[in-house]
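Each chain, written out:
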Amino acid sequence: MPDVVLYRKDKNWIYFVESVTSVGPMDSKRILEIAEMTKNVTAGKIFVTAFLDFKTYKRFSGTLAWETEVWIAEMPEHMIHLNGDKFLGPR
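Let me sum up the structure you'll find in this document. Source: prediction; values computed, not measured.

Time to look at the packing of aromatic side chains. Evaluation of the coordinates by the stated rule reveals five aromatic pairs. Pairing Trp13 with Tyr15 gives two aromatic rings, centres 6.3 Å apart and planes at 75 degrees, and the pair type is edge-to-face. Taking relative accessible area as the criterion, Trp13 reaches 30% and is therefore assigned partly exposed. An angle of 80 degrees between the planes, with centres 5.6 Å apart, marks the rings of Phe51 and Tyr57 as edge-to-face. Under the relative-accessibility criterion, Phe51 is labelled buried at 2%. Cluster of aromatic residues (ring-pair linked, three or more members): Phe51, Phe54, Tyr57 and Phe60.

Laid out in structure tokens, this is it:
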């Protein structure tokens, strides 16, 4: 299981929070493991990797899975969403 599991009843969302210093970041492999563990859960699933500081986030940023969230303790009021959308701007 992830380090922290939270449930938000009004939205029917479950937050799976992984501290990067324990198991590692929410990469594709970790998301598949959690998805398999919770395959019968009907709530929406939010995957979050927690970092102590921005320097540590930068070190792991290349391994984070798309469609996940990032929370950094030194900037607690902000979240980073890795949306995975393709750039559709000018070419």
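Back to the text.
Within this structure, the stated rule accounts for five salt bridges. Arg8 is paired through a salt bridge with Asp10; the nearest N and O atoms lie 2.8 Å apart. For Arg8, a relative accessible area of 33% gives the class partly exposed. By relative accessible area, which is 61% here, Asp10 ends up exposed. Residue Arg30 pairs with Glu18 through a salt bridge whose shortest N-O separation is 2.8 Å. Pair noted here: Arg30 is in helix α1 (residues 28-37) and Glu18 is in strand β2 (residues 13-19), with a separation of twelve residues, a long-range link. Note on Arg30: relative accessible area 8%, which makes it buried.

Let us now look at the environment of Val4. Of note, Val4 is situated in strand β1 (residues 4-8). Discounting chain neighbours no more than four positions away, the residues touching Val4 are Tyr15, Phe16 and Val17.

Calculation rules
By convention here, each chain's residues receive numbers from 1 onward along its written sequence. Local features in this predicted model are restricted to residues of pLDDT 70 or higher, and side-chain atom pairs are both shown and tallied only at a pLDDT of 80 or more, whereas totals for entire chains, interfaces and linings draw on every residue. Side-chain measures were taken over the full set of non-hydrogen atoms in the model, leaving aside hydrogen atoms and water. We call Phe, Tyr and Trp rings a pair once their centres come within 6.5 Å, taking the six-membered ring for Trp, and we label the pair stacked below 30 degrees between planes, edge-to-face above 60, and tilted otherwise. Think of it in three bands: with a 1.4 Å probe and only protein chains considered, a residue is buried below 20% of the maximum accessible area for its type, exposed above 50%, and partly exposed in between. The rule for a salt bridge is simple: a side-chain nitrogen of Lys or Arg has to be within 4 Å of a carboxyl oxygen of Asp or Glu. Elements are defined by DSSP. Helices are runs of H or I of four residues or more, strands are runs of E of two residues or more, and each kind is numbered from the N terminus. Any two residues whose heavy atoms approach within 4.5 Å are treated as being in contact.

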